[in-house]
Amino acid sequence: MKKTNIFIPYEFNRCPEDEMCERSRKFYKTMKTRRSVRAFSTEPVPDEVIENAIRTAGTAPSGANKQPWVFCVIKDPALKRKIRAAAEKEERLNYERRFTEEWLDDLEQFGTNFVKEYIEHAPVLIVIFKENYRLDNGEKKKNYYVNESVGIATGFLIAALHCAGIATLTHTPNPMKFLNTLLDRPANEVPVVLIPAGYPSDDCKVPDISRKSLDTIMKIY
Ligand SMILES: Cc1cc2nc3c(=O)[nH]c(=O)nc-3n(C[C@H](O)[C@H](O)[C@H](O)COP(=O)(O)O)c2cc1C
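Computed from a prediction, not measured in an experiment: that's the story for all the values here.

Each helix and strand in the chain was counted, giving 8 helices and 6 strands. Moving toward the C terminus, one meets the helices and strands of the chain in the order α-α-β-α-α-α-β-β-β-α-β-α-β-α. Looking at the 221 residues of the chain, the share that counts as buried comes to 24%. Taking the contacts inside the chain whose residues are at least 6 apart along the sequence as the reference set, 82% of them involve residues at least 24 apart.

Pasting the structure below:
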């Protein structure tokens, strides 16, 4: 059966150019202070901030508006402990056997290893699952551009948390199938990223890295 198109007026807030520039400057100034944090305080963060950040992520564009994502929020210390143990098991294999020499070499500047204390210390873990397909009354239905859509939503989430004053790490202790088991998620969902979120610990340090310049990353035609 053909679906009916319904269109509604788009209420776009046009703002003066000087204000546009000011807003873009302010946003860039805020976003450039975002860093991946690997040392968290155990201090809790407001639930509402997490909820609003996930609401924001849920506004991301997605292929055919299928919104192929699920955000699991973990605060329970016992579950965090289990996730840490499973992640460290995979990461130990990654660091000791699966990562190539080149990969290990590239990671050296971050001082990371298989020990992931932050998974237990961070007050909140957000695990983002991509929904590779949907099940509609047992029938498999397609989702489109799932990786792109979930990547954009993840960016929205990280930006929203950062703007609200919450630090994050984008963590990928692959393979992450253990997250389906521990979080009881179905087979059509695949974990994409594990995001510890909270306040940095008082002694938190971050690697001294640089960003590519605008003329390197922007090409004008
Ligand atoms: C897809 C993706 C996966 C990542 N996986 C890990 C990870 O498993 N462990 C980790 O410590 N950092 C991980 N990172 C963080 C990067 O190392 C970090 O973003 C990069 O070094 C730039 O630093 P910044 O986020 O502080 O700007 C990941 C980042 C991305 C985008």
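Our focus in this paragraph is the nonpolar core. Formed by 34 residues in total, the largest nonpolar core has its most connected members in Val 124, Leu 125, Ile 126, Val 127, Ile 128, Ile 195 and Ala 197. Of all the secondary structure elements, the ones that give two or more residues to this core are α2 (47–57), β1 (69–74), α3 (77–98), β2 (124–131), α6 (146–164) and β6 (189–198). Once residues within four sequence positions are removed from consideration, Leu 125 is found in contact with Ile 74, Lys 80, Ile 83, Ile 119, Leu 194, Ile 195 and Pro 196.

Here the focus is the sheet that holds β1. With antiparallel pairing, the 4 strands of this open sheet are ordered in space as β1-β2-β6-β5. Here the strands that pair on one side only, and so sit at the sheet edges, are β1 and β5 (167–168). Bridging between β2 and β6 involves 8 bridges; their strand directions are antiparallel. For Val 127, the partnering residue across the bridge sits in β6 and is Leu 194.

Let us look at the environment of Leu 214. Its location among the elements puts Leu 214 in helix α8 (residues 214–217). By the C-beta count within 10 Å, which is 7 here, Leu 214 ends up exposed. Leu 214 sits 104 residues away from Phe 110 along the chain, and the two C-alpha atoms are 24 Å apart.

Reading guide: rules and limits
Residues numbered from 1 in each chain as written. Predicted model: local features only at pLDDT ≥ 70, side-chain atom pairs only at ≥ 80, totals over all residues. Helix = DSSP H or I, 4+ residues; strand = E, 2+ residues; numbered from the N terminus. Buried ≥ 20, exposed ≤ 12 C-beta atoms within 10 Å, placed from the backbone. Contact = placed C-beta atoms within 7 Å. Core = buried A, V, L, I, M, F, W, Y, C linked by C-beta atoms within 7 Å. Pairing = 2+ DSSP bridges.

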